[in-house]
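Spelled out from the first residue to the last, the chains are:
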Amino acid sequence: MKNIIKIGTRGSQLALYQANLTKKLLLEKFPEANVEIVIIKTKGDKILDVALSKIGDKGLFTKELETALLENEIDMAVHSLKDLPTTLPEGLKLGAVLERGEFRDALVSSDGRKLSELTENDVIATSSLRRQAGLLRQNKNFKIADIRGNVETRLRKMEEGYCNAMIMAAAGLQRLNLEKYITEIIEPEVIIPATSQGIIAIESRKNDDRIDSFLKEINHSQTWNSSETERGFLRKIEGGCQVPVGCFTKIEGEKIIITGFVAAIDGSEYLSDTETSLIENGKSAGERLAEKLIAKGANRILAEIRK
């Protein structure tokens with residue numbers, strides 16, 4: 001039994017890519033291990049006809065996987081870290097993160113136009129209030145349409161005329177070898193990415209020494225430092241994935257620099273700031289950044305959105 005590892009994952013192509021990458025890294029370190037992938041459907045996979053912001057964000061894509069973990073049906077759960085709430089269920093922890101992919105958003109347009117070339121006559125699709133706020137900050141007259149479904153479904157909807165363009169996580173397109181669809185990588189000065197975007201996370205049980213011994217061998221330390229800093233910010237600001245909150249980090253030598261924002265859904269208010277610290281103090285830097293934005297009025301903006 002000691003070499004059997006069951007990896008829980010959602011069933012989308014992107015989720016399976018993430019689970020299979022985790023399996024590959026484990027087998028490179030532990031070739032004698034028996035690694036099995038277990039597919040589990042989550043609430044977010046089942047409800048596809050309602051905007052994410054209306055369902056609520058707490059564990060939308062994670063809860064069923066966490067239940068399987070707690071009931072010992074799987075040994076670890078692989079997620080996009082941006083889907084994982086900052087407070088995890090009792091008995092569970094963030095066990096490891098893989099090396100970060102592209103952290104920025106991408107524009108995918110049907111005719112190759114870039115964001116600066118789109119007009120108020122175009123329909124831009126996104127399921128994210130964060131991206132919506134960023135778009136409306138660029139042009140308050142943009143028409144925004146909600147879009148759900150996996151990456152392939154969204155691309156098909158655009159090709160069928162549902163929208164002229166979409167904003168998506170660049171890492172997802174790259175991981176599925178769909179990079180040819182990317183019209184433009186959007187700089188964070190234009191739309192700040194979701195917290196921990198581009199990071200694959202592995203959730204595990206606390207006090208599970210057997211699984212910890214596997215995970216410590218595939219954990220990427222620089223990405224771990226970035227994720228701790230960014231999740232420190234998110235935890236303090238209390239922003240779920242369905243409010244216009246985001247941040248990103250840069251590591252320069254021994255320092256980590258975090259930039260974050262909070263915005264009104266219509267982009268009319270936009271608070272942003274930066275904090276720098278030594279890498280080992282990154283979590284505190286994230287929390288201090290949140291406090292700066294709270295002092296500027298972030299709580300009022302988020303309270304109005306939650307109403």
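Up top you'll find the structure we're talking about.
Remember, it's a predicted structure, so these values are computed and weren't measured experimentally. (Residues numbered from 1 in each chain as written. Predicted model: local features only at pLDDT ≥ 70, side-chain atom pairs only at ≥ 80, totals over all residues. Heavy atoms only, no water.)

K.L.:
How should the nonpolar core be read in this particular structure?
P.N.:
Here is a general trend for soluble globular proteins: nonpolar side chains tend to be buried in one another's company. Counting 18 residues, the largest nonpolar core has Phe-233, Ile-237, Val-245, Val-262, Leu-293 and Leu-302 as its most contacted members. For this core, the secondary-structure elements that each account for two or more residues are α9 (221-237), β11 (245-252), β12 (255-263), α10 (282-296) and α11 (298-306). In this structure, Ile-7, Phe-30, Ile-211 and Ile-218 belong to the second largest nonpolar core, which totals 17 residues. (Core = buried A, V, L, I, M, F, W, Y, C linked by side-chain atoms within 4.5 Å. Buried < 20%, exposed > 50% of the residue type's maximum accessible area, 1.4 Å probe, protein only. Helix = DSSP H or I, 4+ residues; strand = E, 2+ residues; numbered from the N terminus.)

K.L.:
Help me out: how do you make sense of the sheet that holds strand β3 (residues 76-80) in this one?
P.N.:
Within a sheet, each strand pairs with its neighbour through backbone hydrogen bonds, oriented either parallel or antiparallel. If you walk across this open sheet you meet the 5 strands as β2-β1-β3-β10-β4, and the pairing is mixed. Of all the strands in the sheet, just β2 (34-39) and β4 (92-97) have a single pairing partner and so form its edges. Strand-to-strand twist of the sheet, defined as the mean angle between neighbouring strand axes without regard to direction, takes the value 30°. Here strand β1 (residues 4-9) pairs with β3 via 2 bridges, running parallel. Pairing of Ile-7 across the sheet is with Met-76, part of β3. Contacting β1, β3, β4 and β10 (200-205), helix α4 (residues 63-70) runs over the sheet at an angle of about 160° to β3. Strands in contact with helix α8 (residues 209-218) are β1, β3, β4 and β10; relative to β10, the strand with the most contacts, it is inclined by about 160°. (Pairing = 2+ DSSP bridges. Axes fitted to C-alpha atoms, helices over the stretch in contact; angles between N-to-C directions. Contact = heavy atoms within 4.5 Å.)

K.L.:
Looking at this model, I keep getting lost on the pairing of β2. Mind explaining?
P.N.:
Each regular strand displays side chains that alternate between the two surfaces of the sheet. Direction of pairing for β1 relative to β2: parallel, over a ladder of 6 bridges. When the sheet's bridge partners are listed, Ile-4 is paired in β2 with Asn-34.

K.L.:
Which parts of the structure should I look at to understand the packing of helix α1 (residues 13-29) against α8?
P.N.:
For any two helices packed against each other, the geometry comes down to the angle between their axes and how far apart the axes lie. Axis separation between α1 and α8 bottoms out at 9 Å; the angle between their running directions is 100°. As far as their axial angle goes, α8 and α1 are roughly perpendicular. In this structure, α1 contributes Thr-22, Leu-25, Leu-26 and Lys-29 to the contact, and α8 contributes Phe-214, Glu-217 and Ile-218. A per-class count over the contact of α1 with α8 returns 4 nonpolar, 1 polar and 2 charged. (Parallel < 35°, antiparallel > 145°, perpendicular 65-115°, else oblique. Nonpolar A, V, L, I, M, F, W, Y, C, P; charged D, E, K, R; others polar.)

K.L.:
What's the story with the sheet that holds strand β9 (residues 184-186) in this structure? I'm lost.
P.N.:
Strand order in the open sheet formed by 5 strands is β7-β6-β8-β5-β9, and the pairing between neighbours is mixed. Two strands in the sheet have a free side with no partner beyond their single neighbour: β7 (143-145) and β9. Averaged over all pairs of adjacent strands, the angle between their axes in this sheet comes to 30°, without regard to strand direction. The pairing of strand β6 (residues 123-125) with strand β8 (residues 165-169) spans 2 bridges and is classified as parallel. By the bridge assignment, Ile-124 is partnered in β8 with Ala-165. In this fold helix α5 (residues 129-138) packs onto β5 (105-109), β6, β7 and β8, with an angle of close to 130° to the strand it touches most, β8. Most of the contacts of helix α6 (residues 151-159) go to β8, to which it runs at about 165°, and overall it touches β5 and β8.

K.L.:
Can you walk me through the environment of Ala-133 in this structure?
P.N.:
Its location among the elements puts Ala-133 in helix α5. Residue Ala-133 is classed as buried on the basis of its relative accessible area, which comes to 1%.

K.L.:
Before we go on, may I ask you to explain the packing of aromatic side chains in this structure?
P.N.:
The geometry of an aromatic ring pair is captured by two quantities: the separation of the ring centres and the angle between the planes. According to the stated counting rule, one finds 3 aromatic pairs in the structure shown. Judged by centre distance (4.7 Å) and plane angle (85°), the ring pair of Phe-30 and Phe-214 falls under edge-to-face. Pair noted here: Phe-30 is in the loop between α1 and β2 and Phe-214 is in helix α8, with a separation of 184 residues, a long-range link. The class of Phe-30 is buried, set by a relative accessible area of 15%. Ring centres of Phe-103 and Phe-248 lie 5.6 Å apart, and the angle between their planes is 15°; this geometry places the pair in the stacked category. With Phe-103 in the loop between β4 and β5 and Phe-248 in strand β11, this pair connects stretches of sequence that are 145 residues apart. Against the face of Tyr-270 rests Arg-137, its NZ or CZ located 3.6 Å from the ring centre. Seen from the ring of Tyr-162, Lys-157 lies directly overhead, with NZ or CZ sitting 6.0 Å from the centre. (Phe/Tyr/Trp six-rings, centres within 6.5 Å; stacked < 30°, edge-to-face > 60°. Lys NZ or Arg CZ within 6 Å of the ring centre and 35° of its normal.)

K.L.:
It is not clear to me how the packing of α9 against α10 should be interpreted in this structure. Could you clarify?
P.N.:
Contact geometry for α9 and α10: axes closest at 7 Å, N-to-C directions at 35°. Handedness of the α9/α10 crossing: right-handed. Here Glu-228, Thr-229, Gly-232, Phe-233, Arg-235, Lys-236 and Ile-237 of α9 come into contact with α10, specifically with Gly-282, Lys-283, Gly-286, Glu-287, Leu-289, Ala-290, Glu-291, Leu-293 and Ile-294. (Left-handed = near helix turned anticlockwise from the far one by under 90°.)

K.L.:
Any chance you could explain the side chain of Ser-226 here in plain terms?
P.N.:
Note on placement: Ser-226 falls in helix α9. Ser-226 gets classed as buried once you look at its relative accessible area, which sits at 8%. In this structure, Ser-226 is in contact with Arg-100, Thr-249, Ile-251 and Ile-256, ignoring residues within four places of it in sequence.

Function cannot be read off these values alone, since they describe shape.
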